[in-house]
Amino acid sequence: MVQLAPAAAMDEVTFRSDTVLSDVHLYTPNHRHLMVRLNSVGQPVFLSQFKLLWSQDSWTDSGAKGGSHRDVHTKEPPSAETGSTGSPPGSGHGNEGFSLQAGTDTTGQEVAEAQLDEDGDLDVVRRPRAASDSNPAGPLRDKVHPMILAQEEDDVLGEEAQGSPHDIVRIEHTMATPLEDVGKQVWRGALLLADYILFRQDLFRGCTALELGAGTGLASIIAATMARTVYCTDVGADLLSMCQRNIALNSHLAATGGGIVKVKELDWLKDDLCTDPEVPFSWSQEEISDLYDHTTILFAAEVFYDDDLTDAVFKTLSRLAHRLKNACTAILSVEKRLNFTLRHLDVTCEAYEHFRSCLRALEQLADGKLRFVVEPVEASFPQLLVYERLQQLELWKIIAEPVT
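Residues numbered from 1 in each chain as written. Predicted model: local features only at pLDDT ≥ 70, side-chain atom pairs only at ≥ 80, totals over all residues. Heavy atoms only, no water.

Visitor: Would you explain the overall build of the chain in this entry?
Guide: A count of helices and strands for the chain gives 11 helices and 15 strands. With 404 residues in all, the chain has 46% of them scored as buried. Excluding contacts between residues fewer than 6 apart, the proportion of contacts in the chain whose partners are at least 24 apart in sequence is 71%. In the structure as shown, the chain presents an accessible area of about 21,100 Å², 50% of it carried by carbon and sulfur atoms. (Helix = DSSP H or I, 4+ residues; strand = E, 2+ residues; numbered from the N terminus. Buried < 20%, exposed > 50% of the residue type's maximum accessible area, 1.4 Å probe, protein only. Contact = heavy atoms within 4.5 Å. Areas by Shrake-Rupley, 256 points an atom, 1.4 Å probe, with all protein chains shown as cover.)

So this is what it looks like as structure tokens:
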């Protein structure tokens, strides 16, 4: 529902929407969103699975052309004797157990498996309408609608966290949240950033990294498959608790590489880290020392939707870079969202333009201590997660170097 917001004058008319819904949740082919519980503020929490396609040879690049996973074709995975080319980072074993397509055997032939519902009746999987239409009016994707599985209590992890396959990332999230709770959803920028992390294993292997505005923690989970320590940060006890649950759900992925994920509070509007032991997700002095002594990578995904918060993110990046003992690299993902505004009577990208202006201001910053080098990252690396990689998705790299 869209409402007319109060305004002081007619030339300042603005509209606001009650809720915001990520396209990742709205358009996910052949996927059912399962509601698992209500969070502490009464919002429905859903559980989604994101498949990791470890074999890079099985996917062609779709980034430059804005393609999605529908544009690529899978190949027969290599046998276990071929080494660890198709293995998850740090797993130490080959491709055995990491088939690219469910329902195929080692010869590439399809295996017909009867799908039964909970009553034992045959569950017929119907072909998507868009796929059967030779001249579709819109994009080749179908809307999916949530299906309530159960409303569970807080102790739902248990055996599920141990039994998840190594090519599946399980993420709890909400849908259709108010703007202040968008961190509880999964956004395409997080999936693009996760793809880049998997591509640049050399950059993340064995490092200490910090994610700003981690939200559901998806990018931190992927980073932990290579990094030594990942500080997964955000604000809000409910959001951080959800993030902690997702870390536990995917602990088997971090365990393959020996990585550790620590969920912590980091408020961009405050200069110092919270050290009060009575506050959930606060920092210990040992963790703060480890953060400043060893961190070399900072990253953030889809946190540039509000100008004031964007300013706060860049101030936090600059403040952290000056406090870190080592030179650091920041990786930022952003989606250029087009919106029609009454103020301009045209399609604009105000949040994106403000993000770009902050990049320019950071690059021109001269304080005699650090120099910031800003450069775009071409999204031509392999796509290892299933999502729609649009042309509007961008990655930016910021390198903080000491002034000599």
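Now that the structure has been shown, we can carry on.
Visitor: What should I look at first to understand the pattern of salt bridges in this one?
Guide: Side-chain pairs of opposite charge can arise whenever the charged atoms involved come near each other. Applying the stated criterion to the full structure yields 20 salt bridges. Put simply, Lys262 and Glu287 hold a salt bridge, and the shortest N to O gap is 3.9 Å. Taken as a pair, Lys262 in strand S9 (residues 260–265) and Glu287 in helix H9 (residues 285–294) lie far apart in primary sequence, 25 residues in all. By relative accessible area, Lys262 is classed as partly exposed at 28%. For Glu287, a relative accessible area of 12% puts it in the buried group. (Salt bridge = Lys/Arg side-chain N within 4 Å of Asp/Glu carboxyl O.)

Visitor: Help me understand empty space enclosed by the protein in this model?
Guide: A water-sized probe, rolled over the atoms, reveals where empty space remains. Counted according to the given criterion, the structure contains one cavity of 30 Å³ or more. In this structure, the largest cavity spans a volume of roughly 60 Å³. Listing elements by their share of the lining of the largest cavity, those giving two or more residues are helix H10 (307–323), strand S11 (328–335) and strand S15 (393–402). Taken together, the residues of the lining of the largest cavity sort by class into 10 nonpolar, one polar and no charged. (1 Å grid on protein atoms, 1.4 Å probe; cavity = no way out; pocket = protein on both sides within 12 Å on 5 of 7 lines; lining within 4 Å. Points joined across faces, edges and corners; volume = space filled by probe spheres on them. Nonpolar A, V, L, I, M, F, W, Y, C, P; charged D, E, K, R; others polar.)

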